[in-house]
Amino acid sequence: MPTALITGVTGQDGAYLAQFLLGKGYRVLGLLRRSASSDVIGERLRWLGILDRVELLDGNMSDLGSLIRILQKHEPDEVYNLAAQSFVASSWQQPLLTGMVTGLGAVNMLEAVRTAAPRARFYQASSSEMFGKIQEPRQNERTPFYPRSPYAAAKLYAHWMTVNYRESFSLHASSGILFNHESPLRGIEFVTRKITDGVARIKLGLACELRLGNLEARRDWGHARDYVRAMWLMLQQPAPDDYVVATGRSTSVGEFCRIAFAHAGLDHREFVRVDPALFRPAEVDVLRGDAAKAESVLGWQPESSLEELAAEMVEADLARHRRLRETS
Ligand code: NDP
Ligand code: GDR
């Protein structure tokens, strides 16, 4: 039975990846940072019904010793580095922490792998945010980067360190440059989930408006369940490499609102208000990925459409708010 270690296992992607790997017969270990709110830890794993099947190990991306000890003890075959301060808007408020966790945290894990498990295959969660102020209308593995936030700059450092450790120490280290991917398990601060949660509240009479920032921003949105499959495929290749993972379809925040509200039989124009306080200091205006390499080398293709994704998210938020209403 192969063993995989996932950092960020309590996040959206970590939960779906754990479910995917368990389905493939892996022993799944997850790095868990200590929290005073232990009652809500593992909520996403519980939602997927796999909390008792993932072995949670105490550690932190900022503590190299904890990472080395975990690798020495468990000798994983695959390490998926998903942990990060991942919210772009917060990275202007906490640029140093973002650099330490999202940037240096990845290097801590690379050092730990190099030291304690050099034969393990390593995956780094790189991001389309690294393209930032885009240099080409469709972004692929050869498109120059132009990060526009402390988060993106930290991810770019982690990305190049992954490439560097691959070239310097012959690690099987791959980097997935993933475009935005969403699901019912998406954090509520991210725009798609904020919208589907808002739709559910408005539909159930719990709210009368939804305040958003830049409705013109365009993103290439896919389903997280499809994207964790691409992570695994990268580590099954004989040689490590970098891959863009995207749908190739770019949609505005305003259009996502239209789709999500329409699913609940509502007209978004009646409820969405633009709040200038929610605009970012520097915006990534548009992203659209070209995943031709992932398609040809990995045989990867997305399965969910944007409409299916929005419908699944709205339904999950409606069900959640109905449950909360019944139990309160
Ligand atoms: P989430 O924000 O949902 O999850 C982040 C995870 O990192 C959580 O498990 C969190 O733990 C953990 N974490 C944060 N700080 C530390 C720390 N100091 N030590 C240990 N663990 C820590 O992110 P996603 O699941 O959406 O994304 C996964 C990865 O992929 C991230 O690196 C993200 O930047 C990247 N990415 C995401 C994309 C997306 O569209 N979702 C696209 C491209 C890249 P806790 O639960 O305790 O907070
Ligand atoms: P992003 O995701 O920054 O692309 O990073 P987010 O959903 O936060 O923003 C997408 C776009 O929507 C605009 N926007 C708003 N965003 C939020 N959060 N809240 C609002 O009210 C709002 N109104 C408009 C934003 O300005 C932006 O243009 C995500 C994260 O998962 C990263 O970790 C990951 O690397 C990238 O996706 C790819």
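Quick caveat, the model's predicted, so the values are computed rather than measured. (Residues numbered from 1 in each chain as written. Chains lettered and ligands numbered in written order. Predicted model: local features only at pLDDT ≥ 70, side-chain atom pairs only at ≥ 80, totals over all residues. Heavy atoms only, no water.)

### Observations regarding the sheet that holds strand β4 (residues 78-81)
In step 1: Strand order in this open sheet of seven strands is β3-β2-β1-β4-β5-β6-β11, and the pairing throughout is parallel. Bordering the open sheet on either side are β3 (55-58) and β11 (242-245), each of which pairs with just one other strand. If you compare each strand with its neighbour and ignore which way they point, the axes differ by 20° on average.
In step 2: Against the sheet, helix α8 (residues 224-235) engages β4, β5 (121-127), β6 (172-178) and β11, with an angle of about 155° to β6. (Pairing = 2+ DSSP bridges. Helix = DSSP H or I, 4+ residues; strand = E, 2+ residues; numbered from the N terminus. Axes fitted to C-alpha atoms, helices over the stretch in contact; angles between N-to-C directions. Contact = heavy atoms within 4.5 Å.)

### Overview of the site of ligand 2
In step 1: In the vicinity of ligand 2, 22 residues are found, and the nearest of them are Ser86, Ser127, Tyr151, Arg280 and Glu283.
In step 2: In the model, an oxygen atom of ligand 2 is placed 2.6 Å from a nitrogen or oxygen of the Tyr151 side chain.
In step 3: When isolated, ligand 2 has an accessible area of 710 Å², and the protein chains bury 94% of it.
In step 4: For the shell around ligand 2, the domains that each give at least three residues are domain 1 (3-182 + 223-245) and domain 2 (191-219 + 250-284 + 304-327). (Near = heavy atom within 4 Å. Polar contact = N/O pair within 3.5 Å; in protein donor to acceptor, adjacent residues only side chain to side chain. Areas by Shrake-Rupley, 256 points an atom, 1.4 Å probe, with all protein chains shown as cover. Domains from an automatic or database assignment.)

### Some words on the domain arrangement of the chain
In step 1: Splitting the chain by domain gives domain 1 (3-182 + 223-245) and domain 2 (191-219 + 250-284 + 304-327).
In step 2: Distance between the C-alpha centres of domain 1 and domain 2: 27 Å.
In step 3: Contact residues are listed per partner, giving 13 residues for domain 1 and 12 residues for domain 2.
In step 4: Taken together, both faces of the contact between domain 1 and domain 2 bury some 1,200 Å²; the carbon and sulfur share is 54%.
In step 5: One can count two salt bridges joining domain 1 with domain 2. (Buried area = accessible area lost by both parts, 1.4 Å probe. Salt bridge = Lys/Arg side-chain N within 4 Å of Asp/Glu carboxyl O.)

### Observations regarding the environment of Arg201
In step 1: Residue position: Arg201 is located in helix α7 (residues 191-203).
In step 2: C-alpha separation for the pair Arg201 and His321, spaced 120 residues apart in sequence, amounts to 7.2 Å.
In step 3: Excluding its chain neighbours within four sequence positions, the residues that come into contact with Arg201 are Leu206, Ala207 and His321.
In step 4: At a separation of 2.8 Å, a polar atom in the side chain of Arg201 contacts the side chain of Asp197.

### A few points about the site of ligand 1
In step 1: As a matter of local geometry, ligand 1 sits amid 25 residues, with Thr10, Arg33, Ser86, Tyr151 and Lys155 nearest to it.
In step 2: A distance of 2.9 Å is found between an oxygen atom of ligand 1 and a backbone nitrogen or oxygen belonging to His181.
In step 3: Relative to its unbound accessible area of 910 Å², ligand 1 is 86% covered by the protein chains.
In step 4: Secondary structure elements with two or more residues in the shell around ligand 1: α1 (12-23), β5 and α6 (150-169).
In step 5: If one sorts the elements of the shell around ligand 1 by residue count, β5 sits on top with three residues.
In step 6: Within the shell around ligand 1, the residues separate by chemical class into 11 nonpolar, 10 polar and four charged. (Nonpolar A, V, L, I, M, F, W, Y, C, P; charged D, E, K, R; others polar.)

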